[in-house]
Amino acid sequence: MGKVEEIIAAIDKMAEGKLPPHLTVDSKDFVGKLTESTNHLIDTLSNLYQQARPLAEGDLSQPITAQGDIAGIFKTIQANLRHMAWQLSRVRVADDFSQWIVGMGELGQEFNQMVHALKEAKEELEETREQLVRSERLAAIGQLAGGVGHELRNPLGAIKNAIYYVKGKVAKSELGRKEPRVMEFLDIMDDEVNTSNKIINDLLGFSRVGKPSVSPTRIDKVIEDALSRTPIPENIELTKKLDADLPEVDIDPDQIQQVWVNIIMNAVQAMPKGGKLTIGAKRRGKLLEVEISDTGCGIPQEAVDKIFDSLFTTKAKGIGLGLAVCKAIIDRHEGNIEVESKVGKGTTFIIKLSLKAE
Amino acid sequence: MGKPNILVVDDLRSMRLTLGGILEDEGHNIVIVEDGYLAIEEVRKTHFDVIFMDIKMPGINGVQTFREVKKIDPKTVVIMMTAYPVEDLVKRAVSEGAYTCIYKPFDMEKVIALVEAIAKEKKE
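Residues numbered from 1 in each chain as written. Chains lettered and ligands numbered in written order. Predicted model: local features only at pLDDT ≥ 70, side-chain atom pairs only at ≥ 80, totals over all residues.

A.B. asks: I'd love a proper account of the confidence of the model for chain B, names of residues and values included.
C.D. replies: Averaged over all residues, the pLDDT of chain B equals 92, while 97% of them reach at least 70. By mean pLDDT, the top-scoring element of chain B is strand E1 (residues 6–9) of chain B (98), and the lowest-scoring one is helix H4 (residues 88–95) of chain B (82). (pLDDT = per-residue confidence, 0-100. Helix = DSSP H or I, 4+ residues; strand = E, 2+ residues; numbered from the N terminus.)

A.B. asks: Requested: an account of the sheet that holds strand E4 (residues 77–82) of chain B, with residues and values cited.
C.D. replies: Residue and element names in this part refer to chain B. Taking strand neighbours across the sheet as the criterion, the 5 strands line up as E2-E1-E3-E4-E5 in an open arrangement whose pairing is parallel. Sheet topology places strand E2 (30–33) and strand E5 (100–103) at the edges, where each strand pairs with a single neighbour. The mean inter-strand angle of the sheet, taken between neighbouring strand axes irrespective of direction, is 20 degrees. Where E1 meets E2, 4 bridges bridge the pair, whose relative direction is parallel. By the bridge assignment, Leu 7 is partnered in E2 with Val 31. Each of E1, strand E3 (50–54) and E4 is contacted by helix H3 (residues 62–72), which is oriented at about 155 degrees to E3, the strand it contacts most. (Pairing = 2+ DSSP bridges. Axes fitted to C-alpha atoms, helices over the stretch in contact; angles between N-to-C directions. Contact = placed C-beta atoms within 7 Å.)

A.B. asks: Residue-level account of the nonpolar core, with values.
C.D. replies: Ile51(B) and Met80(B) are the most contacted members of the largest nonpolar core, which has 38 residues in total. Here Ile51(B) is in contact with Leu7(B), Val9(B), Val69(B), Thr76(B), Val78(B) and Ile79(B), once residues within four sequence places are set aside. (Core = buried A, V, L, I, M, F, W, Y, C linked by C-beta atoms within 7 Å. Buried ≥ 20, exposed ≤ 12 C-beta atoms within 10 Å, placed from the backbone.)

A.B. asks: Give me the sheet that holds strand E2 (residues 236–242) of chain A: which residues, what numbers.
C.D. replies: Residues and elements named next belong to chain A. In space, the 5 strands of this open sheet follow the order E2-E4-E5-E7-E6, with mixed pairing throughout. At either end of the open sheet lies a strand with only one pairing partner, and these are E2 and strand E6 (336–342). Taken over all neighbouring pairs, the strand axes of this sheet differ in orientation by 10 degrees on average, direction set aside. The pairing of E2 with strand E4 (residues 275–284) spans 7 bridges and is classified as parallel. Bridge pairing in E4 places Leu 238 opposite Leu 277. With respect to the sheet, helix H8 (residues 253–270) is in contact with E2, E4, strand E5 (287–294) and strand E7 (346–354), its orientation differing from that of E5 by roughly 25 degrees.

Spelled out as structure tokens, the structure:
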């Protein structure tokens, strides 16, 4: 093959994007010069290829020293990629999600979206961590309060017994007749013992809101258990409207009992001068619906929305934990709890629980 | 049969004195003890119609005591007492034959009514 054909073959090869080997320079004439220039071209392309290869392998550290517009493009690409790597390291090291890539078309957009997603993930993680700390704190408070609360119930029990005895004696005595305040104050003592017990109950509620351990349960039995545990004063008329054949429902009986106890205690507190307490349970399609109503002082509209927030209370004394615990327990059972109330008329709590899928 | 004779078992002195005192005032013969061991000794000596048994006590707890007592005197009616709202121990005792469980602080009127109901049952 003649030298010129060799040259043409080499150039054709480069035109296909491949690198041919060097050509031998055989003469010093025009063809020889053409051969030298072709070799020069091969060298330039080879050099560009070598300098650009690290970029292809993700190595941004090798300097591009080749000259010319084409090398310039590779330099720009390298600079862009270095910028992107630097932005990423800022995100990684300094948590800095604020500086985004400007320009760089589709690549830049993808980069920015990734940084944005990272920022949102980080915020969600922080919120979750705060929630965890909060719930751990609550659990720790619950445990501590639990121990203390249980201990307190023993002396409260003895005090309540003693009040009962003394009231009985004083009522039949001349002292009771002559000094009405004596009986009145004994009643106060009994009421405050009940209030103390309720506060303990609310506190203990927090130690209860763990994962429910569910089993098929008869809701009427849980309601009866709750009633046996909550002292209901004589001046409150209790009506139970429990449907005859209520199906069993998958609940944690201890936790749900806590819910009834809390609501009943609140109802009793809302009716210091007596009233009506009605507890109803019925099946409504796929739901079990329990309603607990009182004819007490009612809850103003502004307070109704906040009533399930922990620590929210309109009472001057007492801590508003009880209803927050109720909501937490019902939520964990994937049920629903709502309240309807009218100031001066009364309040109704409506709790809905899913029945077992048949 | 006169009013049921009653044994009160509780490690808290004020609980023993007040519960026992009120029941005595109601006309019952009462014996009060502060732990399970003494309770078992008393049951060996006398038949009690009703026993009020605190659950959490030093030494053997109320449920263990209940089991021993039932072996000695199966006819005795045992009422468990506790400050703890829900307890596995309570459930076990009730499933093994304890009459019921009452929760401190309890309503003495209801407790007296409970004892009367038990006395009526025994007559029948």
